[in-house]
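# Results of the structural survey
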Amino acid sequence: MNLCFHPSLVTFVIMYAGCLTGSPGIYAQQAYRLPPKAVVDIIDAAPVPDVSLSPDRNWMLMIERDAMPGIEDVSRRVLRLAGMRIDPVANGPFATGFDRAISIRARDGGESVTVPLPNDAKISSTRWSHRNDWLAFSTVTASGQQLWIVSVDDPMHPRMLTDQLSTVMGGYDWTPNGKSILCQTVPASRGAEPTMSMVPPGPNIQESIGNASPTRTYQDLLASPYDEELFIHYAVNQLTLLGVDGSTTLLGNPAILSDVQIAPSGENLLVTTVKKPFSYLMTWNSFPQIIEVWDLGGNVVHTVADVPLEENIPIEGVRTGPRQVTWNPGEPATLIWMEALDGGDPNAAAEHRDRFIRLTAPFDHKPAEILRTEHRGMGFSTMANPSMIVVAEYDRDRRWIRMMMHDLANSDVDPRVVMDRSSMDRYNDPGSIVMVADATGHSRALQDGDWIYRIGAGASPEGNLPFLDRQNLATLETERLWRCSEGTYEFPEAIVSSGENRKPTIVTSSETKTIPPNYWKLDLESGNKTALTQFGDPTPQIRDIRIQLVKYKRSDGVELSATLYLPAGYRDGERLPLIVWAYPREFNDAQTASQVAGSPNQFVQMSGLTHLTLLTQGYAIMDSATMPVIGEPETMNDTFIEQVVSSAAAAIDKAVEMGVADRNRVGVGGHSYGAFMTANLLAHCDLFRAGVARSGAYNRTLTPFGFQSERRALWDAGDVYFNISPFMHASKINEPILLIHGEADNNSGTFPMQSQRMYQAVKGNGGTVRLVMLPNESHGYRARESVLHTHAETIEWLDKYVKNTTGSGSDYGDDGTNGTRNQ
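Quick summary incoming for the structure in this document. (Residues numbered from 1 in each chain as written. Predicted model: local features only at pLDDT ≥ 70, side-chain atom pairs only at ≥ 80, totals over all residues. Heavy atoms only, no water.)

The contact between helix α5 (residues 640–657) and helix α6 (residues 673–684) brings their axes to 10 Å, and the two run at 85 degrees. Taken together, the axes of α5 and α6 are roughly perpendicular relative to one another. Residues Phe 640, Ile 641, Val 644, Val 645 and Ala 648 of α5 lie in contact with α6, whose contacting residues are Tyr 673, Phe 676, Asn 680, Leu 681 and His 684. Within the contact of α5 with α6, the residues separate by chemical class into eight nonpolar, two polar and no charged. (Axes fitted to C-alpha atoms, helices over the stretch in contact; angles between N-to-C directions. Helix = DSSP H or I, 4+ residues; strand = E, 2+ residues; numbered from the N terminus. Parallel < 35°, antiparallel > 145°, perpendicular 65-115°, else oblique. Contact = heavy atoms within 4.5 Å. Nonpolar A, V, L, I, M, F, W, Y, C, P; charged D, E, K, R; others polar.)

Written out as structure tokens, the structure is:
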């Protein structure tokens, strides 16, 4: 066993767990461990740089980052308040992933220039100016968060605009004239952080009198008056204009400003302010808020809405009154928002669910209704003509998306259907409309005459084949301009230049199974293709891995698929231990459930928590094995168990049929909902030798107002909540299960207690179980020490209970039976 003692001597706790020698369950502390060196080398490899193109596509920003932060970075002080995690030093969201270097170069060549920065600076964000002449970026240091700018013409001389940047409640953005940045800063009047008295002033009390509020089980909520003080201290900010010339202008007074949008004219601001009373059951974005229009002097011009605390909202419902208030791009100062016509209740009968409202400057007249949607409005996209908008609406009952084009200048003209499909139908997805920044920095559709452009994933029976189409707004006809060739994976990242009567020039990222993603300029008119980057392979040692898309059917005829990975050096006919890794998803019908997702032609990368490192240890992996749960949206979970068991059996049968898997040595694993699936499979079938469940939820009575896509509350479907909870069936788990969980999990529903109680339930019933709790880790694990330790635990567990098992056992016969238990 390899031991790695971190200099900080930070240890992790394995609660109620003995070592793999089978010792009794005890509280234990151990140092972080390392997996085999082959895995360490792969996970430690520096990733290829990220690339960000300037809005005009003439400049490339190369962003370098480390593979993982250290445990000391993840273990910094964090404040968990109102559903957010605040870094009190940075005055921003707590982050562990930072960029370490940025460089700028012309798109078509030339020398790449690295922007010089202080040694202790960690880059937290970047933002191009829509004028393409400046790049803004923020850095986190030991003394706070800074905002910098650098000219593309002089990248060696960045300038700091402020060292008092506050991003707790928002970010920063360029003003329409491109000469200033609108941001939030720490108020000069802010004093020291409040201190908590050791003597409580009294009990913390909550009360509700006949007030139905079916809220999800959120984490990191306010819990005391002191929490409220801390939240106010760090959330209050000062709206500030910082000029590229070094000028500073304060707008209005300090407040909890959560969203600030500047109008295309540059003369008005749309400002959302959070106010009291706060809630101890909901996150900050459900707190009362006031939405106002300000002038650039910080004066209130118009109040759009005074929004009360967002409670009493049905499951999957919306609030009443104005919501998603925003400026319409292309107009100087016109607001558009949605309002529910059904009381926000998706179960209420209504001819129309939403209406769209418009209000124009000078905001001294009554807002006007401009259109109604049959289904719930999801938002809108503005075309080159700002009177033409495409509105998306969602039919919750059918899980259906429809996009309608409305002419706001001609209300007598009926809207036209631009798209109408199941939200789960990947094959018929027409792609997303290509949006670009206009002269004011606001987003509008890229349009040439009547033509707009669409970029899509291109899901197909052969896997994803991304495409670029253009669609005519007058006729709604669609023309395919380009599609990825089979055998590769190439994605259109941006359109460089285009015209009504010519095919565009685009930038693509192209990769294969063995060649990492690199950027190319492709002239679709001439066919000329020019390489823009030449990134090398960070992990050449894994290039001999075999990858294959496999298709198969489960017992009810539903077509399934998975990506089969075989280790380097695999010999045809050799039966290997198999790992099935999956995540269940819900569908209305078998046809869409059977559609293939992903691509077998993408570059194989192993980083972070990837389970693909098991290939280095001699396992075959059925990755992303489809586990569809099919049925009516209101009742599909009634048959969750039967469907995932049947899907798992089909995946194993396929691997055995292909001659690559040993039926007697099969393990299962998953993260989050995949962990929930893993525990259920071990409880309800005998298909697997062992399982690995990371960051899961196992007792659904602890998430009583819905989970995943479940719409019913516990009190409406008690039998379903009980039957679908592996915690309630812990006595049936007779295969070893490894439970891993971050002690600071912030995901709704996957409280760390879920894994702790699951451990106790399996242990109390005599099962074989190990619980690993990772300090300071959230829903996904970030620190190098935590990630490598997770790999070590996973490999040792599966080696012991899957790979190195002998004999068929009573439930793993070679007679072709699939090991399904009678339910």
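Glancing now at the nonpolar core. With 66 residues, the main nonpolar core has Tyr 552, Val 580, Met 622, Leu 681, Phe 688, Ile 737 and Leu 739 as its most contacted residues. If one sorts the elements of this core by residue count, α5 sits on top with 11 residues. Discounting chain neighbours no more than four positions away, the residues touching Leu 739 are Ala 693, Tyr 698, Ser 755, Met 758, Tyr 759, Val 769, Arg 770, Leu 771 and Val 772. Grouped together as the second largest cluster of nonpolar side chains are 33 residues, Met 606, Val 692, Leu 738 and Tyr 801 included. (Core = buried A, V, L, I, M, F, W, Y, C linked by side-chain atoms within 4.5 Å. Buried < 20%, exposed > 50% of the residue type's maximum accessible area, 1.4 Å probe, protein only.)

This next bit is on unusual backbone geometry. Lys 276 connects to Pro 277 through a cis peptide bond whose omega is 5 degrees. With an omega of 15 degrees, the peptide bond between Ala 361 and Pro 362 qualifies as cis. Note on placement: Pro 362 falls in the loop between β24 (354–360) and β25 (368–373). For Glu 316, which is not glycine, the phi dihedral falls at a positive 65 degrees. Counting through the fold element by element, Glu 316 comes out in the loop between β21 (300–307) and β22 (323–327). For Glu 316, a relative accessible area of 36% gives the class partly exposed. Although it is not a glycine, Gln 708 adopts a positive phi angle of roughly 50 degrees. Since its relative accessible area comes to 34%, Gln 708 is described here as partly exposed.

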